[in-house]
Each structure stands twice: as C-alpha cells, then as structure tokens.
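Each chain, letter by letter, is given below.
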Amino acid sequence: SQSSFEEESQKPPAVGHWKPLMPSKGSKEEAEAGRQDAGGVDERQASEQLSVSRLRSSSVEIREKGSEFLKEELHKAQKELKLKDKECERLSKVREQLEQELEELTASLFEEAHKMVREANTKQAASEKQLKEARGKIDMLQAEVTALKTLVITSTPSSPNRELHPQLQSPSKAGFRKGHGRNKSTSSAMGSAASQSGTPEPGSHEHKEVDSILFAEFQAWKESPTLDKSCSFLDRIYQEDIGPCLDFTKQELAELVRVAVEQNTLTMEPVASQPLPVLKVAAEESGGPKRCALSGLPRTCRHRIMLGDSGSYYYISPSCRARITAVCNFFTYIRYIQQGLVRQDVELMYWEVMRLRREMSLAKLGFYPSEM
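Notes on the structure in this doc start here. This structure is a prediction, so every number in the text was calculated from the model and none was measured.

**Overview of the pattern of salt bridges**
For the structure on display, the rule yields 13 salt bridges. Put simply, Glu269 and Arg304 hold a salt bridge, and the shortest N to O gap is 2.9 Å. Separated by 35 residues along the polypeptide, Glu269 in strand 1 (residues 266-270) and Arg304 in strand 3 (residues 303-307) bring together distant segments of the chain. Ionic contacts of the salt-bridge type, sharing partners, join the residues Glu217, Arg236, Glu240, Asp241 and Arg357 into one network.

Below, the structure written as structure tokens:
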C-alpha cells in the first residue's frame, strides 16, 4: 500500500479532479492524540482561567469587604473622635471653671486675711489707747487721793481746812471751788461731792426742791450711765449749760476745746509755772499774756491750755478759765458715776449734778471767784 501510494504520488495529478485522501489508521490516532492534547491544554487553560477569574472575583470581594470594613472602622473612629472632642471641650470648661473658682477663693482668702490683720491692728490700737487712758485715770485718781489725804491731814479743829468745810467759806465764794489745775481736766468734784448733801447746811438759808422731770431723767440715766449726748439727761444739759458755757468768740477754737473736754484730753496750767522766752511764746502759742485766745479781748491771762498732745498752747482769761473749769468739773463727776466710783444715794448725786450745773450757769454769765 505504501508503494502504491508512492507510485501514485509520483504520477502527475489529473487536472480538474480532486480525490480526497483517507487518513490512515496511524494518522487517525495521531489526530485523536493531538485532539486529546489540545483538549487537555484547553481544559488546563480553562481551569487556569477559571481559577484566575475566581481569584479575581475573590480578590474583588475581599477588596470590597475590606473597603466596607475600613469604612465602618473609619466611621467608628470619627464618632469616637467626635466624642473625645466633646469630652475634651467639657473637661476644658471644667478646668477653666475650677481655675476661676480657685482664683476667686484665693482672692477672698487674701482679702479675709488682710481684713483680719486690719481688725487686729485696729483692736490693738484701741487696746493701747484704752490702756493709756486707764493709766492716765489711775494717775489722776492717785493724785486726787493724795490731795484728799493732804487736805485731811492738814485739817485740825484749831485750824480747819476750808476746802473740806465749805460752810466756813464766805457766801461769795461758797458757790465756787478751786478746781481744774493741771493733768487733763482734773477737778475737785469728788471732794465737793463728799462735802455736799441733799439738805441745806446748818446756818444756810437756801431751800431746795427736786424737779420731778429733771430727777426722772437723771434716774433713767443712772440706770445705764453713758456719755452719749443723745440721751435726754445729757441732751438737756448740753443745750442749757455746756453749749452756752463753751460758746466763745473764736468759734473754731471753741469747738476744739469742747471736743477736748469731752474726750478728757485738755490740759490747763498756770503761765507762771512755765517761764518761757517771750519770742518763743509768741511764736508757738495763740493769744498771749495780755490777750485771750478764746474771746480775742485784751485780758490778763494767767493760765493757758493745750488740746491733746498737739504741743500748741492757748492763753485764756480768768473768765474763760472759769467756764472751762465748770464744764470739766461736770464731766469729771459724771465719769466717776459711770465708772462706779461714787457710792451715794441717788438724790445726793442728783443735787451734786445740779450744783455743777449752777456753776456752769454762773460761769457763762461771767461770774467767777477772785482766785481765778
């Protein structure tokens, strides 16, 4: 068959005639093997393409799921950030509020501390002032006790002391007492209170009758004694006696004298006891030995006053001295009553107050004893 095939193949083909060739058995097997190989390749390629497509689809799914997860996580993170921002803002407001409260508390504490220091300083100054006044009162009382002892010792039956026995004085001098010398408005009010009584002295033709209104005002004041001029007892005396008695021509200086008498800071001394050069006296003091500083009139001035610790002296005439002394005697006596140093019957104290008021009335009218 092969030889015949070769022979036929060597023969020239007939023109216009086509004869199909039948494949041999070997060629069929090879074709089938080729087809099988091609089909295996196609199957592998298809499986590979399928796996690739599956991989691509799975990667797309994974990418989509990943993107969705990331979006969710991003959304959650954004929400958490917003919550944290709100929390931070709230905490910052709380911090600012706490800082403001701390500043206010610190300021209030410092203010309270300064206030306590000021109050302590004020109380200390007041205590020192009270201590100074108490020491001055103690010195004044000791001086008066010493003077009373001297008066008692020097008074004998053969030579009685007229200060202790006013009934022995002349009628013109019976209404006046020598008082208010040196040492902050000291007076002889206590000595006179001891010698005075509610009934007339033997041999005296003076009669007394208690005024019910004045006595009621004094009794009301005696229940709680005070130096406040708003009470009815002192208000009446200020209007009727103290005010007119201390009303001088030099109004400004008269007001300073009244305040010094009320505060017990007025000092009076004789001019002769302090010999100073004439030039220095004229430079430092108001008025002079021949002119009164309160009235402004030319008068012979044998005393001078100092208001508090100012160091400035003012010459005063005998009439002005009598008026100031009468007011000082009144204030000294009511201070003794306020401090509980006068232990007498209410009526006796009332009559002593009336006597002191009479002295102020006489002094403001210009009457004064010759020893002034």
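**Structural notes on the packing of helix 5 (residues 212-223) against helix 10 (residues 346-364)**
The contact between helix 5 and helix 10 brings their axes to 11 Å, and the two run at 115°. Relative to helix 10, helix 5 is oriented roughly perpendicular. When the axes of helix 5 and helix 10 are compared, the crossing they make is right-handed. Seen from helix 5, the contacting residues are Leu214, Phe215, Phe218, Gln219 and Lys222; seen from helix 10, they are Val346, Glu347, Met349, Tyr350, Val353, Met354 and Arg357. For the contact of helix 5 with helix 10, a count of residues per class yields 8 nonpolar, 1 polar and 3 charged.

**Some points on the environment of Tyr368**
Tracing the backbone shows Tyr368 in the segment after helix 10. Spatially, the C-alpha atom of Tyr368 lies 8.4 Å from that of Arg323, the residues being 45 residues apart in sequence.

**Concerning helix 5**
With 12 residues, helix 5 extends 17 Å from end C-alpha to end C-alpha; this agrees with the ideal 16 Å at 1.5 Å per step. Along helix 5, the residues classified as buried are Leu214, Phe215, Glu217, Phe218 and Trp221. Taken around the axis of helix 5, the buried residues stretch over an arc of 160°, which confines them to a single face. Facing away from the buried side of helix 5 by over 90 degrees, the exposed positions are Ser212, Ile213 and Glu223.

**Some points on a negative patch on the surface**
Taken together, Glu61, Glu64, Glu68, Glu72, Glu73 and Glu80 make up a surface patch of like negative charges. Within the fold, Glu68 resides in helix 2 (residues 25-154).

**Overview of the environment of Met360**
For Met360, the position within the fold is in helix 10. With 120 residues separating them along the chain, Met360 and Glu240 place their C-alpha atoms 9.6 Å apart. With residues near it in sequence (within four places) discarded, Met360 still touches Ile237, Asp241, Ile242, Cys245, Ala326, Val327 and Phe330.

Cut-offs and rules
- Residue numbers restart at each chain and count upward from 1, following the sequence in its written direction.
- A pLDDT threshold of at least 70 governs which residues receive local features in this predicted model, and a stricter bar of 80 or more applies before side-chain atom pairs are shown or counted, although totals over entire chains, interfaces and linings include all residues.
- For side-chain calculations, the full set of non-hydrogen atoms in the structure is used, while hydrogens and water are omitted.
- Salt bridges are defined by distance alone: a side-chain nitrogen of Lys or Arg within 4 Å of a carboxyl oxygen of Asp or Glu.
- Comment: elements are numbered from the N terminus, with helices defined as DSSP H or I runs of at least four residues and strands as E runs of at least two.
- Axis lines are fitted to C-alpha atoms, over the contacting stretch for helices. Their N-to-C directions set the angle, which ranges from 0 to 180 degrees.
- Here is the rule for angles: anything less than 35 degrees is roughly parallel, anything more than 145 is roughly antiparallel, 65 through 115 is roughly perpendicular, and the remaining ranges are oblique.
- Helix crossings are classified by the rotation of the near helix relative to the far one: an anticlockwise turn of less than a right angle makes the crossing left-handed, while a clockwise turn makes it right-handed.
- The contact criterion used is simple: two residues touch if any of their non-hydrogen atoms lie within 4.5 Å.
- Polar here means any residue other than Ala, Val, Leu, Ile, Met, Phe, Trp, Tyr, Cys and Pro, which are nonpolar, and Asp, Glu, Lys and Arg, which are charged; Gly is therefore polar.
- Take the residue count of a helix, subtract one, and multiply by 1.5 Å to get its expected span.
- Exposure is judged per residue with a 1.4 Å probe applied to protein chains only, and the accessible area is read against the type maximum: over 50% gives exposed, under 20% gives buried, and values in between give partly exposed.
- To be clear, the arc concerns the directions from the helix axis to the C-beta atoms.
- Only residues above 30% relative accessible area that lack a salt bridge enter a patch, with like-charged residues linked at up to 9 Å and the nonpolar side chains Val, Leu, Ile, Met, Phe, Trp and Tyr linked at up to 5 Å.
- A 1.4 Å probe and the Shrake-Rupley method give the accessible areas. Residues count as covered only by the protein chains that appear here.
- We treat Lys and Arg as the positive residues and Asp and Glu as the negative residues; His and chain ends play no part in the count.
- A charged residue contributes its charge at one atom only: NZ of Lys, CZ of Arg, CG of Asp or CD of Glu.

Scope: geometric values only; no functional claims are made or implied.
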